[in-house]
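Notes for the structure review
Each chain is listed here by its residues.
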Amino acid sequence: MTMSDADWWSLLRELDEPVPRVEHGLSPESILRAMVDGTVPQSVLTAWNERAESGAGDGLEMPRQFDLAATQGRFDRLAERLSEAFGCQCVAVRPQDSACFGSIEIPAEASRSRTKRTRIPLSLGVSVSNFGGLATYGASTPWGHKSHLHPDDRARVEEALIGLGYLLVPEHILAAPYDGPNGWVFGPTDDATWSTRFFDYL
């Protein structure tokens, strides 16, 4: 499915519903720390536990109506398809405290992508968001090098993603500065992008 930039912006802004600031400025990390110290107000604990129930998202790390079983099942099938397409075992990783549901690494020895001048083999990473079936991929480029994604690698990754109904977000859209309603999450930093919002730690 081909989408215009306007279509992408409309979709991303629809997925990015405004979320109130966490009560008392407590982040997940500070709540855990406070629980150890025994200083979390009961009202905050109750709200946090309700949000953490199965299928309940907070709108930041996952949508409020989040289907964990369906998302996990599709992610597992993606890992299988990529493993078949590249003829190797692709490792899947699930991050915590992130809008990214998971990432799948395609090892360098199975990839045809290389750095531009030195021709160093590159591993590839495929990431899917908790939101709207969004997906992105790229090469893990060593510092100081420029990567070249081989067309065969692109074709295999995109075929697997599109075949499972993922929406491959264009790089220039993800690289745009984040200007959505939940900027408070990122604090005073001015380097948050739409990739940060839907594929990174929050």
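Summarised in this report is the structure supplied together with it. Numbers given to residues run from 1 along each chain, matching the order in which its sequence is written. With pLDDT at 70 or above as the cut-off, local features in this predicted model cover only qualifying residues; side-chain atom pairs require 80 or more to be listed or tallied, and sums for whole chains, interfaces and linings still use all residues. The side-chain numbers reported here are obtained from all heavy atoms of the structure, hydrogens and water having been left aside.

What about helix α1 (residues 5-15)?
For every residue, the accessible area (1.4 Å probe, protein chains only) is compared with the maximum for its type, and the residue is labelled buried under 20%, exposed over 50%, or partly exposed between those bounds. Runs of E in the DSSP output that reach at least two residues are strands. Runs of H or I that reach at least four are helices, and both are numbered from the N terminus. Taken together, the buried positions of α1 are occupied by Trp 8, Leu 11 and Leu 12. Seen along its axis, α1 keeps its buried residues to an arc of 95°; they face one direction. Residues Ala 6 and Glu 14 are exposed on α1 and point more than 90 degrees away from its buried face. Along its buried surface, α1 packs onto β5 (134-139), β7 (167-168), α6 (171-174) and α7 (194-199). Here the arc refers to the set of directions running from the helix axis out to each C-beta atom. Here, two residues are considered to be in contact whenever any of their heavy atoms come within 4.5 Å of each other.

Observations concerning the packing of helix α4 (residues 68-86) against helix α5 (residues 151-163)
Two elements in contact, α4 and α5, have axes whose closest approach is 10 Å; the angle formed by their N-to-C orientations is 150°. As summarised for this structure, α4 and α5 are arranged roughly antiparallel, according to the angle between their axes. In this structure, α4 meets α5 at a crossing whose hand is right-handed. Contacts between α4 and α5 involve Leu 78, Arg 81, Leu 82, Ala 85 and Phe 86 on the former and, on the latter, Asp 153, Arg 156, Val 157, Ala 160, Leu 161 and Gly 163. Residue composition of the contact of α4 with α5, grouped by class: 7 nonpolar, 1 polar and 3 charged. The angle between two axes is taken between their N-to-C directions and runs from 0 to 180 degrees, where each axis is a line fitted to C-alpha atoms and a helix contributes only its stretch in contact. Roughly parallel means an angle under 35 degrees; roughly antiparallel, over 145; roughly perpendicular, 65 to 115; everything else is oblique. Handedness of a crossing is defined here by the sense of rotation of the near helix relative to the far one, left-handed for an anticlockwise turn of less than a right angle and right-handed for a clockwise turn. Three classes are used: nonpolar for Ala, Val, Leu, Ile, Met, Phe, Trp, Tyr, Cys and Pro, charged for Asp, Glu, Lys and Arg, and polar for all others, with Gly counted as polar.

In short, the description is geometric, and any link to function would need to be established separately.
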